[in-house]
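Given next are the chains, with one letter for each unit.
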Amino acid sequence: MASSMMGQLVSPLENGHHVWEDQSFIKWKKRDAHVTLRCHESIEGSLKYWYERNKVNFMVSNSAPWNDDAVPEALDSAALWIKGLPFVESLSGYWKFYLASTPGNVPLNFYHTAFQDSEWETLPVPSNWQMHGFDRPIYTNVEYPFPLDPPFVPVDNPTGCYRTDFVIPKEWKGRRILLHFEAVDSAFCAWINGVPVGYSQDSRLPAEFEITDYCYPCGTDKKNVLAVQVFRWSDGSYLEDQDHWWLSGIHRDVLLLSKPQVFIADYFFKSNLAEDFSYADLQVEVKIDNSQETSKDSVLDNFTIEAALFDSGSWYSSGGSADLLSSNVANLKLDLSPRTVLGFRDYLLVGRLEVPRLWSAEQHLHRYFILMACLVVYTHAQPNLYTLVVILKDTSGNIVDCESCLVGIRQVSKAPKQLLVNGHPITIRGVNRHEHHPRLGKTNIESCMVKDLVLMKQHNINAVRNSHYPQHPRWYELCDMFGMYMIDEANIETHGFDYTGHVKHPTLEPSWATAMLDRVMGMVERDKNHACIISWSLGNESGYGPNHSALAGWVRGKDPSRLLHYEGGGSRTPSTDIVCPMYMRVWDIVKIAKDPNETRPLILCEYSHAMGNSNGNIHEYWEAIDGTFGLQGGFIWEWVDQGLLKDSADGTKHWAYGGDFGDVPNDLNFCLNGLVWPDRTPHPAMHEVKYVYQPIKVSFSEGTLKITNTHFYETTKALEFCWAAHGDGCELGSGNLSLPLIEPQKTFHIELQSAPWHTLWASSSAEEFFLTISAKLLHATCWVEAGHVISSTQVQLPAKREFVPHVIKTKDTTFLKEILGDTLKVGQQNAWEIILNLKMGTVESWKVEGVPLMTKGIFPCFWRAPTDNDKGGGASSYSSKWQAAHIDNLHYITKSCSVQNMTDHLVKVAVVFLGVPNSGDDSGVEDTNALIEIDVIYTIYGSGDVVVECNVRPSSDLPPLPRVGVEFHLEKSIDQIKWYGRGPFECYPDRKAAAHVGVYEKKVSDLHVPYIVPGECSGRADVRWVTFQNKDGLGIYASIYGSSPPMQINASYYTTAELDRATHNEDLIRGDDIEVHLDHKHMGVAGDDSWSPCVHDKYLIPPVPSSFSIRLSPITPATSGHDIYKSQLQL
């Protein structure tokens, strides 16, 4: 049969026309888009399939692979996803592969069955060929990686040639065969046994072709040969200019589907809830394919169509095997009444479900453990889902075909300035997510997708925007099950057109309308039955024009049950139901929300750009969102650092970014904007995200503690509250907090006088008293174990008395003092010794009990290694301004140094430093050259205490300063750090709300945060005191002193210069000592975006005079930082 077709079909590639450079030719012989088909043999089979498929929990994520072991795991996942489907086969595996440099260099007739491919290499399918040594990955943000000349693409167009074979199972005899590609990048043509069977574009949606007539008959052992030609570049690439890696190939699974001669081709589930939500009217639109039947009589003359709804949530409530069929809760029958929708050609099934259990992302996932061999077999899942089964029967009542999917009963609607789900407004605590795996590129693995969802849920993320294309079908099922609101986005982005004056955006060109509409239709038709999707998106950053109006019209006509989103054109066009700006400042979103003429809700489609050490100011967004009607949240950009694994010269692997593969053009590390590293290790900023997203809010004012349940559906029934009280860093008490049930959107008040911690507070002599209120899950869920803290807030209770500024209680302790030339040596025998260089005004040596501690210091410091946000903005960036002002290259000249006072009990040394640009020549330096003048007074007491008083006078024409503080270096063995301040994780002045004040301890090496591109990192905010000690407990204590506010500190084996020099974390070279910074002020890290200087004013350091004091002391095992700190408090 296959050979007889050879002369009848001609591939579109064989007529000389470059179909991959024709925007009007987007597909050939491709079947219409539809929902994911399962091809079940029975109702029982469909229910058993979902019974097994729903067994997903956080334990699955523990096995997520991120290195080379991900390659076989991807093949295993492809097999897993079709397990239990007798009429679906996966063709995943190792295929023969050849990469031609251009389409013209493709081996002649490579698709013929007789072609010899033994010399070809092999490539796993699914995969991106660049991740297996062929060609190279390219990363660009906006610019196309080829000249902008639509619809044409470069002649040098790497073209992948694939070959594999298969045998049709004998059980499929008499059935139709469909060849289904889940996604191929970017365009491809396929052949079966040398016969062309189809062509398709759109690298993120399926392409399906019927191949029944081209396969060898069932029962023969003759292998069918599948050949595929994939173009790296096509006219479709102009619609796919998203901010991610350009990677090519068959990157999702390839399937064979077997269907009867007449079969269920598509179906659309709809539910209409009663006004009081007491029942739901159900509808299923069913499309039947009888195109191969010779008789075109009505389908209903020979078949019946039915549907049934099953309560999936009841399947796992007992330890035994579930009676799946008994979970039937509704049956839908054919509605033969005249259609009111013009042109409706499908079949309509209707039914009713009484007292439906509603789906939302908010509901907890209660678990029933069934333990077998120490494994959790399953847990009953909420949010509430049902299994829909659609059945086609013949006239004898035999099942001919059966399809199924998970569905949720829920209502998405609009009210003035509000997006509603089930009649309630919701808050979008969201994140943008690219499909990205550091080893596989765009290929997906079950455990890795589960890992993403587990981490999101554990950090209070409840919504995801699929940026910027439809993602793997399994992702949607998992979001349904875990409870995640979703914006599903069409695979359209034409950002690169923004920067050309001679080429119109495709949305303005009628010739591109069909291609754009096809992508939107394909997304909606595939994903329309997923409860998680609350809004469709027309794409991203593609301008705005008539084509968008057409897309919006089609979507609204097809599916009025969801909202429509599109940011292009200013985020407020008629083609969006949501005002959806990106990176708009807090004050501007508040203005829009308060605009009485704007009736749509505002949800930021992108905000808080998470590039490197970032996400500053996010708490200010959430103060506005929580307090302003009309603001309903946003989606952080973005979820994961898009680093790719690359082999280093020494055989190790590292995460690479744009340009590391020799890719030109490239946008360097602009692909590294994630809240998590490529292996899904969370960045420190994830703590801040979890905090601002937490559903239980706690505040304290005027003697009253307020606990608010911000959920819209859930009470606090599933939560356990607890409290802990700390005074000056020491725990004073803790316990469970018995609260009445707090209803959604309600607040419970606790007066200080009646609180269980009141006695502790009233009797405490602590200068500072902090109270922490936490809410934990009473039960395990599919995304976390019981006891997980979903909300934790620390509040400071008022001081009971006035505290005077910190001073040392001096003792009349005598000590040794001598001046030898330019050296001042002070100390107590066998206790401590300090050597100051009186010429330089710096410490040359500090020993405690004979052990060297400080190797050099104490210097003023105003520079930090620029973060990605510091570098953003070109010539107007903070980094550029610092460099232009020479702040990055300051050299400190000692203008004067003198001993001011020397008694039996103290020595006072005054130093004046001039910060001048480092020219390499100290001669001829004048005061007028100084950018900053610093007066430093050292007061050394007989106790070994050193008080450092600093007065800083910067030039008024300097830009905002990175930091104002001091720097010194410690011996590398002084590697134990303990501090009383915010932590335990990295935090900065504009990103510290989640970091509780407490006493924390770490190794210096563990402070380092390995951002892929190094820069300022590892800081800790609001530090009162800190100790640096060796393994024997000897070291240095430092604290605020006098009226100075808490410090920003960090300590690192990497110098500031080294953090600035290295372009990759693995390039960093550890120094021979530890660089310590004690900052009086430190500039915020920002995060509103990463391409403009956007630190909020309150977190900038203007170049104005400032003064601060620091106390340094020797510390031994016999003393502690807490004791030394308490000794200077004046009660």
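Notes on the structure in this doc start here. (Residues numbered from 1 in each chain as written. Predicted model: local features only at pLDDT ≥ 70, side-chain atom pairs only at ≥ 80, totals over all residues. Heavy atoms only, no water.)

### Re the overall build of the protein
So the rule is basically this: Secondary structure counts use DSSP, requiring at least four H or I residues in a row for a helix and at least two E residues in a row for a strand, with both numbered from the N terminus. We take the radius of gyration over the C-alpha atoms and set the globule estimate at 2.2 Å times the residue count to the 0.38 power. Buried means the residue's accessible area, taken with a 1.4 Å probe over protein chains only, is under 20% of the maximum for its type, while exposed means over 50%, and partly exposed covers the values in between. Contacts were defined at the residue level, with two residues in contact if any of their heavy atoms lie within 4.5 Å. Values of accessible area rely on a 1.4 Å probe in the Shrake-Rupley scheme; residue burial ignores everything except the protein chains shown. When charges are tallied, Lys and Arg are placed among the positive residues and Asp and Glu among the negative ones, while His and the ends of the chain are skipped. Charge positions are represented by NZ for Lys, CZ for Arg, CG for Asp and CD for Glu.
The secondary structure content of the protein amounts to 17 helices and 59 strands. In summary, the protein has a C-alpha radius of gyration of 33 Å against a globular reference of 32 Å for 1131 residues, a match within 12%. Considering only C-alpha atoms, the protein reaches an extent of 115 × 70 × 60 Å along its principal axes. Counting every position in the protein, which comprises 1131 residues, the buried fraction comes to 64%. Put simply, 74% of the contacts in the protein that link residues at least 6 apart link residues at least 24 apart. Total accessible area on the protein is roughly 40600 Å²; 51% of this is exposed by carbon and sulfur atoms. The protein carries 96 positive and 137 negative side-chain charges, and their two centres are separated by 4 Å.

### Quick look at the sheet that holds strand β7 (residues 176-181)
Strand pairing in a sheet relies on backbone hydrogen bonds. The paired strands run either parallel or antiparallel. Threshold: A pair of strands counts as paired when DSSP detects no fewer than two bridges linking them. Each axis is a line fitted through C-alpha atoms, and for a helix only the stretch in contact is used; angles between axes span 0 to 180 degrees, taken between their N-to-C directions.
Spatially, the four strands line up as an open sheet ordered β2-β13-β7-β10, and their pairing is antiparallel. Edge strands, defined here as strands with exactly one partner in the open sheet, are β2 (88-90) and β10 (207-210). Adjacent strand axes in the sheet meet at a mean angle of 20°, parallel and antiparallel pairs treated alike.

### Quick look at empty space enclosed by the protein
As a reminder, the rule being used: Here a cavity means grid points, on a 1 Å grid over the protein atoms only, where a 1.4 Å probe fits yet cannot get out; a pocket means an open set of points with protein on both sides within 12 Å along at least five of seven lines; lining residues are those with an atom within 4 Å of a point. Grid points are joined across faces, edges and corners, and a volume is the space filled by probe spheres set on the points.
Summed over all chains, the structure comprises 19 cavities of 30 Å³ or more. If you add up the space inside the second largest cavity, you get close to 150 Å³. Lining the second largest cavity are 14 residues, with Thr36, Arg38, Cys405, Arg526 and His530 sitting closest to its centre. Only β22 (399-407), α6 (473-482) and α7 (513-527) provide two or more residues apiece to the lining of the second largest cavity. No other element matches the three residues that α6 contributes to the lining of the second largest cavity.

### What about the sheet that holds strand β56 (residues 1035-1040)?
If you walk across this open sheet you meet the nine strands as β47-β48-β49-β50-β59-β56-β55-β52-β53, and the pairing is antiparallel. Looking at strand neighbours, the two that pair on one side only are β47 (890-902) and β53 (996-1003), the edges of this open sheet. Averaged over all pairs of adjacent strands, the angle between their axes in this sheet comes to 20°, without regard to strand direction. The sheet contact formed by strand β50 (residues 946-954) and strand β59 (residues 1106-1115) spans seven bridges and is antiparallel.

### Let's talk about the pattern of salt bridges
The line we're drawing: Think of a salt bridge as a Lys or Arg side-chain nitrogen and an Asp or Glu carboxyl oxygen that are within 4 Å of each other.
On inspection of all chains with the given rule, the structure shows 61 salt bridges. Linking Glu477 and Arg474 is a salt bridge whose minimum nitrogen-to-oxygen distance equals 2.7 Å. Taken together, the residues Glu477 and Arg474, both in helix α6 and three residues apart, mark about one turn of the helix. With relative accessibility at 4%, the residue Glu477 sits in the buried group. Judged by relative accessible area, which is 2%, Arg474 ranks as buried. Two residues, Arg562 and Asp559, come together in a salt bridge whose shortest N-O distance is 2.7 Å. Counted as one network, the salt bridges with shared partners bring together Arg31, Arg176, Glu208, Glu210 and Asp289.

### Quick look at the nonpolar core
Spelled out, the test is: Only buried residues count toward a nonpolar core. Its members are Ala, Val, Leu, Ile, Met, Phe, Trp, Tyr and Cys residues joined through side-chain atoms within 4.5 Å.
Ranked by size, the top nonpolar core spans 225 residues in total, and within it Phe181, Leu226 and Trp757 carry the most contacts. Those residues within four positions of Leu226 in sequence are excluded, and the remaining contacts are Leu91, Trp95, Tyr162, Arg163, Thr164, Phe166, Leu179, Phe181, Ala190, Trp191, Ile192 and Val254. Core analysis: the second largest hydrophobic core is formed by 78 residues, Trp832, Tyr938, Val1023 and Ile1040 among them.

### Section: the state of the cysteines
Formally, a disulfide is one covalent bond, and it connects the sulfur atom of one cysteine to the sulfur atom of another. Applicable threshold: Cysteine sulfur atoms are paired as a disulfide whenever they come within 2.5 Å of each other.
Going through the model one piece at a time under the given rule, you end up with zero disulfides. With no disulfide partner, Cys39 has as its closest neighbouring cysteine sulfur the one in Cys402, 10 Å distant. Residue Cys39 is classed as buried on the basis of its relative accessible area of 0%. As a non-bridged cysteine, Cys722 has Cys730 as the owner of its nearest cysteine sulfur, 20 Å distant. For Cys722, a relative accessible area of 14% gives the class buried.

### Section: helix α9 (residues 586-593)
Heads up, the rule is: It is the directions from the helix axis to the C-beta atoms whose arc is reported.
Within α9, burial applies to Val586, Ile589, Val590, Ile592 and Ala593. The buried residues of α9 occupy an angular sector of 160° when projected down its axis, which confines them to one face. Buried residues in α9 make contact with β31 (602-607), α10 (618-627) and β32 (631-636).

### Comments concerning the packing of α9 against α10
Counted only if it meets this: Orientation labels follow simple angle bins: below 35 degrees gives roughly parallel, above 145 gives roughly antiparallel, 65 to 115 gives roughly perpendicular, and whatever is left gives oblique. Crossings are assigned a handedness: left-handed for a near helix turned anticlockwise from the far helix by less than a right angle, right-handed for a clockwise turn. Nonpolar residues are Ala, Val, Leu, Ile, Met, Phe, Trp, Tyr, Cys and Pro. Charged residues are Asp, Glu, Lys and Arg, and all others, Gly as well, are polar.
Across the interface, α9 lies against α10 with an axial gap of 10 Å and an inter-helix angle of 15°. As summarised for this structure, α9 and α10 are arranged roughly parallel, according to the angle between their axes. Both α9 and α10 take part in a crossing whose hand is right-handed. Of the residues in α10, those touching α9 at Val586, Ile589 and Val590 are Glu620, Tyr621 and Ala624. Looking at the contact of α9 with α10, its residues break down into five nonpolar, no polar and one charged.

### Digging into the pairing of strand β9 (residues 195-201)
Among the seven residues in β9, seven count as buried, and that is most of the element. Strand direction decides the pairing type here: strand β1 (residues 27-28) and β9, joined by two bridges, are antiparallel. Along β9, the bridge assignment pairs Lys27 with Ser200. Inspection of the sheet shows strand β8 (residues 187-192) paired to β9 by six bridges, in the antiparallel sense. Residue pairing in the sheet places Trp191 in a bridge with Pro196 of β9. The turn linking β8 back onto β9 is made up of two residues, and Asn193 within it adopts a positive phi angle of 50°.

### Brief notes about the environment of Ser614
Quick reminder of the rule: Any N or O atom pair separated by 3.5 Å or less is treated as a polar contact, with the protein-specific requirement of one donor-capable and one acceptor-capable atom, and with residues adjacent in sequence counted only for side-chain atom pairs.
Note on placement: Ser614 falls in the loop between β31 and α10. The spacing of Ser614 and Lys591 is 23 residues in sequence and 25 Å in space, taken between C-alpha atoms. Excluding its chain neighbours within four sequence positions, the residues that come into contact with Ser614 are His609, Ala685, Asn869, Arg991, Val1085, Ala1086 and Gly1087. At a separation of 2.5 Å, a polar atom in the side chain of Ser614 contacts the main-chain carbonyl oxygen of His609. Reaching out from Ser614, the side chain makes a polar contact with the side chain of Asn869 at a distance of 2.9 Å.

### Concerning unusual backbone geometry
At the junction of Ser467 and His468, the peptide bond is cis and its omega measures out at -10° in the coordinates. Along the polypeptide, His468 turns up in the loop between β27 (463-466) and α6. Across the junction of Gly983 and Pro984, the peptide omega takes the value 0°, indicating a cis bond. Structurally, Pro984 is set in the loop between β52 (976-983) and β53. A positive phi angle, near 60°, is found at Lys417, a position not held by glycine. As for its placement among the helices and strands, Lys417 is situated in the loop between β23 (412-415) and β24 (418-421). Even without a glycine there, the phi angle at Asn617 is positive, about 75°.

### Observations concerning helix α4 (residues 70-80)
All of the buried residues in α4 are Ala70, Val71, Ala74, Leu75, Ser77 and Ala78. Angular distribution of buried residues about the axis of α4 spans 155°; they occupy a single face of the element. Of the surrounding secondary structure, the elements contacted by the buried residues of α4 are β2, β3 (93-100), β4 (121-125) and α5 (446-458).

### Digging into the side chain of Ser77
Within the secondary structure layout, Ser77 lies in helix α4. Beyond its immediate sequence surroundings of up to four residues, Ser77 is in contact with Ile445 and Glu446.

### Looking at the side chain of Glu446
Along the chain, Glu446 turns up in helix α5. The class of Glu446 is buried, set by a relative accessible area of 7%. Not counting residues up to four positions away in its chain, the partners in contact with Glu446 are Val56, Ser77, Leu80, Trp81, Arg474 and Leu478.

### Re the packing of aromatic side chains
Here is the rule: Pairing of aromatic rings covers Phe, Tyr and Trp, the last counted by its six-membered ring, and requires centre-to-centre distances within 6.5 Å; plane angles under 30 degrees mean stacked, over 60 mean edge-to-face, and any other angle means tilted. Only when the NZ of Lys or the CZ of Arg is both within 6 Å of the ring centre and within 35 degrees of the ring normal is a charge said to sit over the ring.
Tallied over the full model, the rule gives 47 aromatic pairs. Ring centres 6.2 Å apart and planes at 65° place the aromatic pair Trp315 and Tyr316 in the edge-to-face group. A relative accessible area of 1% places Tyr316 in the buried class. One aromatic cluster is present, formed by Tyr144, Phe146, Trp233, Tyr238, Trp246, Phe497 and Trp512 through successive ring pairs. Just above the ring of Tyr469 sits the side chain of Arg204; from NZ or CZ to the centre is 4.8 Å.

Everything listed here is a matter of coordinates, which is why it stays silent on function.
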